Amino acid sequence: MEAPGIAPTASAQPRELQPRERRPRRRVKEGQEEAIFHEVVNFTPDPLPDRYYDKDTTSPISFYLSSLEELLAWMPDVEDSFNVALAPRECRQPPLSSPRPRTLLCHDMMGGYLDDKFVQGSAAQDPYSFYHWQYIDIFVYFSHHTVTIPPVGWTNAAHRHGVCVLGTFITEWKEGGQLCEAFLAGDERSYQAVADQLVLIAHFFRFDGWLVNIENSLSVAAAGNTPHFLRYLTAQLHQRVPGGLVLWYDSVVSSGQLKWQNELNEQNRVFFDACDGFFTNYNWQEGHLERMQGQAGERRADVYVGVDVFARGDVVGGRFDTNKSLELIRKHGFSAALFAPGWVYECLERADFLQNQDRFWSLLTHYLPTHSICSLPFVTSFCMGRGRRRVCYGQEEVVGPWYHPSAQEIQPLFGEHRLEGGGGGWVKTHSCLEDAWHGGSSVLIRGVIPPEVGNVAVRLFSLQVPVPPKLFLSLVYKLEGPPNVMVALELTTGDADSCHVGGISPLHEMSSRHTPRPLRVPPTKLARWVGRCSQHLPGGWVQRCYEVSLRGCLLGDLFVSFSRPPGGRERNFICRLGEIQVVDANSLLAPLPRVQATSVSHVRWQRGASAELRLSCTLHWSFLLTQVRCFRIHCCPGTGGGSPSRGPPGPEKPTFLGLAFVNQYRVVDLAVAAAPPGQDGRVGFLVEPVPREGFLVPQAEWGRAALQYSAPST
């Protein structure tokens, strides 16, 4: 059943943006199509809705719904499309559906919708960021608004790592009781309409489901309908959102009384039976876990035992003792729900946040199985979605702090590893904001190669990928220690009996671990991807490319090894990793589509300093999103005096504006020159697609549009 007023469709999508005022005049120059949009400067623009745009800057923002009326009235609109996630979550192993204990992270921080609400990022100096995705299964964005829609940056980052993302549907206090009475105490049409809207929202914005948290007493009628509401919501979500989840929080009991149980029992299991899982309250002891084993039966993994990392109340563990909680939870075979692990950010020194975050998760790794990536291409520059400057392939692009969660790339396994046998060798990995190859951060690896061994290696990623006949791999790195340390990319393969290795020299230590041979002469068609191979690059970076021929193999762990010449004493090393790429060679042969139908709309003008104007506008284009990691948006400001017939007064190097993860981008407060009297001013916009395989697309193949503007006639 669809929500009232919304026609059933296979996929609710926003209508196409249309250019404001006149249709564009098009011209062809040098074989490229460019849309020209004409504007008369006007300082009284049409207002944009506050729900979707920051009222001061018009930058797009994520939003929530505060009432039942807002929920029922919501319909997909073109303004919503900024908040649609780039893609469904990536495949990983083991899958969420496997019957094993899982780990849920419930993110609750200072009311929510902080710097993370800015869809296109912000200039936040010390933002909170999470990057230990390989250890968790589910990410819940929690706030105390009635309908918490996860900011799209979190959904993009989580989905890139294969993590399920849930929003929160919460009711509280007296107002919450009235809201529940309005939709739960009546007939089925009322609660089905609410459920339909929740499903539509999750489906449209491309997140994966809901945590339902009813923290107010219910009437007998409302309590009786709650399991029916949960069952209907769960069934509808499973139909519309593959792999979707509905979880219930331990709050009211079947009688309608608000009475936290801190366990699954006969008073609340009716809710557990009606949905995908149960999130317990936090004040449990081991006796609660022992009793729950019988209640949960074969669904033990669907019980998420709550752990308040702030350690409020009578709890086990929390803070840097959270490992004590997990030890008991795993002992009894349950899943864990870590509530507010942002404690390390909120309560400890901000300057030490990254170190404290790494310390917190390192204490838990024994109880958190690593997940494996199981799809290609696999490309990452290790960017955390933040930085002190922005770097593009070794070249500094923008100076100053930035924060953009959607820009976070796949993160490795962090930690410290020591060689067995007590020989003194060790390797430690952590994220570092001091330097970057592409984005805002890199991975810094420090270690010691002891005298008695020739090399040490660190596992960065766990993979489970059926290997195509030919792989191309690339490693970008920078040695910051002694120059006579050799760096190599290594991989393991499974299915040793059927796996045929060709064109690789096996290592002596392990028959299934291999060092690929460098790719010296790349095929012509792959020149874009391997154009920098074996070259010394800007900033002291080096790129090595490899070719791997395998048959019947399963690609396993990905290592980076460090070796030194034989003999000699203990050797320290420092290495910075900038990028790793693992790509099916055949995928590089397919042509990349062009960005099409670039348009400009929602123009706003403001007066700037002297003869300067400030321009805000929305760019929109058409491109198949499954083929890109993101879009890089640039501008080419003119000096005035251009015309459609003559073109711009002269070429300028494009200026980077920002990243987009949907087919539109809001340009905000761009400084442009005022049009000279009797002439037009001009600013051009370029949309650069960044393919999933990671190669550079020539500028001739970017999307482009131009805005021609003039002063109002007097």
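Conventions we followed
For every chain, the first residue of the written sequence is number 1, and numbering continues from 1 onward in sequence order. With pLDDT at 70 or above as the cut-off, local features in this predicted model cover only qualifying residues; side-chain atom pairs require 80 or more to be listed or tallied, and sums for whole chains, interfaces and linings still use all residues. Processing note: side-chain calculations cover all non-hydrogen atoms of the structure and skip hydrogens and water entirely. Numbering of helices and strands runs from the N terminus; a helix is a DSSP stretch of H or I covering at least four residues, while a strand is a stretch of E covering at least two. In this description, contact between two residues means that some pair of their heavy atoms is separated by no more than 4.5 Å. Here, two cysteine sulfur atoms that lie within 2.5 Å of each other are counted as a disulfide. One speaks of a salt bridge when a side-chain nitrogen belonging to Lys or Arg is within 4 Å of a carboxyl oxygen belonging to Asp or Glu. Burial here depends on accessible area, computed with a 1.4 Å probe over protein chains only, as a share of the maximum for the residue type. Under 20% is buried, over 50% is exposed, and the range in between is partly exposed. By the convention used here, strands pair only if DSSP detects at least 2 bridges between them. With the strands pointing away from the viewer, any crossover whose connection runs clockwise from the first strand over the helix to the second is right-handed. One less than the residue count of a helix, multiplied by 1.5 Å, gives the span that helix is expected to have. Think of the arc as the fan of directions from the helix axis to the C-beta atoms. How sure the predictor is of each residue is captured by pLDDT, a score from 0 to 100. A 3.5 Å cut-off defines polar contacts: any pair of N or O atoms within that distance qualifies, except that in protein one atom must be a possible hydrogen donor and the other a possible acceptor, and neighbouring residues in sequence count only when both atoms are side-chain atoms. Within 6.5 Å between ring centres, the rings of Phe, Tyr and Trp (the latter by its six-membered ring) count as paired, and their orientation is classed by plane angle as stacked under 30 degrees, edge-to-face over 60, tilted in between. Simply put, an axis is a line fit to the C-alpha atoms, just over the touching stretch for a helix, and the angle between two N-to-C directions goes from 0 to 180 degrees.

Let's shift gears to the environment of H107. Secondary-structure assignment places H107 in strand β4 (residues 103-107). Considered as a pair, H107 and Y141 are 34 residues apart in the sequence and their alpha carbons are 5.2 Å apart. Filtering out sequence-adjacent residues up to four positions away, H107 remains in contact with D116, Y128, F139, V140, Y141, F142 and W154.

The next point concerns the state of the cysteines. Per the counting criterion, the structure on display carries 1 disulfide. Here C91 connects covalently by a disulfide to C374, the sulfurs 2.0 Å from one another. Measuring handedness by torsion sign, the sulfur bridge of C91 and C374 sits at about -105° and is left-handed. Taken together, the residues span a long stretch of sequence, with C91 in the loop between α1 (68-73) and β3 (92-93) and C374 in the loop between β13 (372-373) and β14 (378-380) at a distance of 283 residues.

Further remarks concern the pattern of salt bridges. Applying the stated criterion to the full structure yields 26 salt bridges. Measuring nitrogen to oxygen at the nearest pair gives 2.6 Å for the salt bridge that ties E409 to R629. Linking E409 in the loop between β16 (395-403) and β17 (415-418) with R629 in strand β32 (residues 628-637), this pair joins segments that are 220 residues apart in sequence. For the pair E409 and R629, one class covers both residues: buried. As a salt-bridge pair, K478 and D435 come within 2.4 Å of each other at their nearest N and O atoms. Of this pair, K478 sits in strand β22 (residues 470-479) while D435 is found in the loop between β18 (426-432) and β19 (442-449), placing the two residues 43 residues apart along the sequence. Each of R389, E396, D435 and K478 takes part in one network of salt bridges that share partners.

Across a regular strand the side chains alternate sides, sitting on one face of the sheet and then on the other. In terms of burial, strand β12 (residues 335-339) is a largely internal element, 5 of the 5 residues being buried. Burial of the side chains of β12 extends over both faces: S335, A337 and F339 are buried on one face and A336 and L338 on the other. One ladder, built from 4 bridges, connects β4 with β12; its direction is parallel. Paired with L104 across the bridge in β12 is A337. Where strand β11 (residues 303-308) and β12 come together, 5 bridges link them in parallel fashion. Its bridge partner being in β12, G306 is matched across the sheet by A337. Traced from β11 through helix α8 (residues 322-331) to β12, the parallel crossover comes out right-handed.

This next bit is on helix α3 (residues 173-184). Side chains of residues three or four places apart in an α-helix project in the same direction, reflecting 3.6 residues per turn. A rise of 1.5 Å per residue sets the reference length of α3, with its 12 residues, at 16 Å; its end C-alpha atoms lie 16 Å apart and thus fit the reference within 8%. Along α3, the positions that sit buried rather than exposed are G176, G177, L179, C180, F183 and L184. Viewed end-on, α3 has its buried residues packed into an arc of 165°, placing them on one side of the element. Exposed residues pointing more than 90 degrees away from the buried face of α3 are listed as K174 and E175. Along its buried surface, α3 packs onto α1, β7 (164-172), α4 (188-205), β8 (209-215) and α5 (220-240).

For the protein, per-residue confidence averages 88 on the pLDDT scale, and residues scoring 70 or more make up 88% of the total. With pLDDT under 50 throughout, residues 1-31 is counted as low confidence; its partners more than four residues away or in other chains account for 73 contacts. In the model, residues 639-650 has pLDDT below 50 throughout and makes 22 contacts with residues more than four positions away in sequence or in other chains.

Turning next to helix α10 (residues 353-362). Across the 10 residues of α10, 7 count as buried, placing the element largely inside the fold. Within α10, the full set of buried residues consists of F353, L354, N356, Q357, D358, F360 and W361. Buried residues belonging to α10 abut β4, α8, β12, α9 (343-346), β15 (386-392) and β18.

The next subject is the side chain of D302. By secondary structure assignment, the location of D302 is in the loop between α7 (286-296) and β11. The buried category is assigned to D302, whose relative accessible area is 15%. Looking at D302, its side chain comes within polar contact range of the side chain of R102, at 3.0 Å. In this structure, D302 is in contact with R102, F272, D276, G277 and F278, ignoring residues within four places of it in sequence.

With that out of the way, let us pick up the packing of aromatic side chains. Within the structure shown, the criterion is met by 39 aromatic pairs. Between Y52 and F63, the ring centres sit 5.2 Å apart and the planes meet at 80°, which makes this aromatic pair edge-to-face. One end of the pair, Y52, is in the loop between β2 (32-40) and α1; the other, F63, is in the loop between β2 and α1, and 11 residues separate them in sequence. Every member of this aromatic cluster is reached through a ring pair, and the members are Y128, F130, W133, F139, W154, Y345, F353, F360 and W361.

The next thing to look at is the sheet that holds strand β31 (residues 612-622). Reading across the sheet, the 3 strands line up as β30-β31-β34 and stay open at both edges, with antiparallel pairing between neighbours. Strands with a single pairing partner mark the edges of an open sheet, and in this sheet they are β30 (596-607) and β34 (664-673). Averaged over all adjacent pairs, the angle separating strand axes in this sheet is 25°, with direction ignored. Of the pairings in the sheet, the one linking β30 to β31 comprises 8 bridges and is antiparallel in character. Across the sheet, Q606 pairs through a bridge with R614, a residue of β31.

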